[in-house]
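# Structure at a glance
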Amino acid sequence: RENLVGGTIPEEIVLLERLETLELSDNEVGGTIPTWIGTMSTLKRFEVFQNNLIQTIPSELGQLTDLTLLDLGGNSLTGTLPTQLGRLSLLEGMSLYDNPLDGTVPFEYESLSRLRDLYLDKTDLVSPLPLGLCDLQLRNFWSDCGEVGCTCCSKCCTDDSLTCL
């Protein structure tokens, strides 16, 4: 973290067969999130926030069934949220803030029963929010409430503000 690492995520990482944490946050990592990350079956934490990652979130991340933390915040990821992330039954934290993601939050995310922290603020996501999301035991749920119509968010953010209330 904060090592001034640049370039793209190297494919050689997949050779680390027992890797549980891949943490490249606060660096200059660019390019796309490789689809082969989804084959890293022992991965529990994938943290690449505050980098220069672009394009879409690969649906293959939904194959990381041991994942407990997914932090992709503060990049330039676009497109819609993959429904396959709803398969991550052990997921406790998901941070997608500060990315120009669009569309709606998939209803499949209602099944993330272990999820405790969800950060969807500073995105272009819109209503409707899946009703079951508010039934989860979330301790932190940050969102752009005006756009997604969130009634259970712990913090509401606006596009024109650097703070969330």
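Since this is a predicted model, take the numbers as computed values, not measurements. (Residues numbered from 1 in each chain as written. Predicted model: local features only at pLDDT ≥ 70, side-chain atom pairs only at ≥ 80, totals over all residues. Heavy atoms only, no water.)

Here we come to the sheet that holds strand β12 (residues 140-143). Taken in spatial order, the seven strands of this open sheet run β2-β4-β6-β8-β10-β12-β13, and their pairing is parallel. Edge positions in the sheet fall to β2 (21-23) and β13 (155-156), since each has one partner strand and no second. One ladder, built from two bridges, connects β12 with β13; its direction is parallel. Within β13, the residue paired with Ser 143 across the bridge is Cys 156. (Pairing = 2+ DSSP bridges. Helix = DSSP H or I, 4+ residues; strand = E, 2+ residues; numbered from the N terminus.)

Attention shifts here to the pairing of strand β3 (residues 28-31). One ladder, built from two bridges, connects strand β1 (residues 6-7) with β3; its direction is parallel. Bridge pairing in β3 links Gly 6 to Glu 28. As defined by bridge partners, β3 adjoins strand β5 (residues 52-55) across two bridges and the pair is classed as parallel. Paired with Gly 30 across the bridge in β5 is Asn 52.

Now for the pairing of β12. A one-sided burial pattern is seen for β12, the buried positions being Phe 141 and Ser 143 and the unburied ones Asn 140 and Trp 142. In this sheet, β12 lies alongside strand β10 (residues 117-119) in parallel orientation, the contact comprising three bridges. Bridge assignment links Leu 118 to a residue of β12, and that residue is Phe 141. (Buried < 20%, exposed > 50% of the residue type's maximum accessible area, 1.4 Å probe, protein only.)

As a further point, take the environment of Gly 86. Structurally, Gly 86 is set in the loop between β7 (76-77) and β8 (93-95). Residue classification places Gly 86 among the buried residues on the basis of a relative accessible area of 10%. Along the chain, Gly 86 and Gly 38 lie 48 residues apart, while their C-alpha atoms are 14 Å from each other. Dropping the residues within four chain positions of it, Gly 86 is found in contact with Glu 108, Tyr 109, Ser 111 and Leu 112. (Contact = heavy atoms within 4.5 Å.)

In terms of nonpolar packing, the biggest core is built from 43 residues, with Ile 37, Phe 46, Leu 61, Leu 72 and Met 94 touching the most fellow members. If sequence neighbours within four positions are ignored, Met 94 has contacts with Leu 70, Leu 85, Tyr 109, Leu 112, Leu 115, Asp 117, Leu 118 and Tyr 119. (Core = buried A, V, L, I, M, F, W, Y, C linked by side-chain atoms within 4.5 Å.)

Don't take any of this as a statement about function, it's just geometry.
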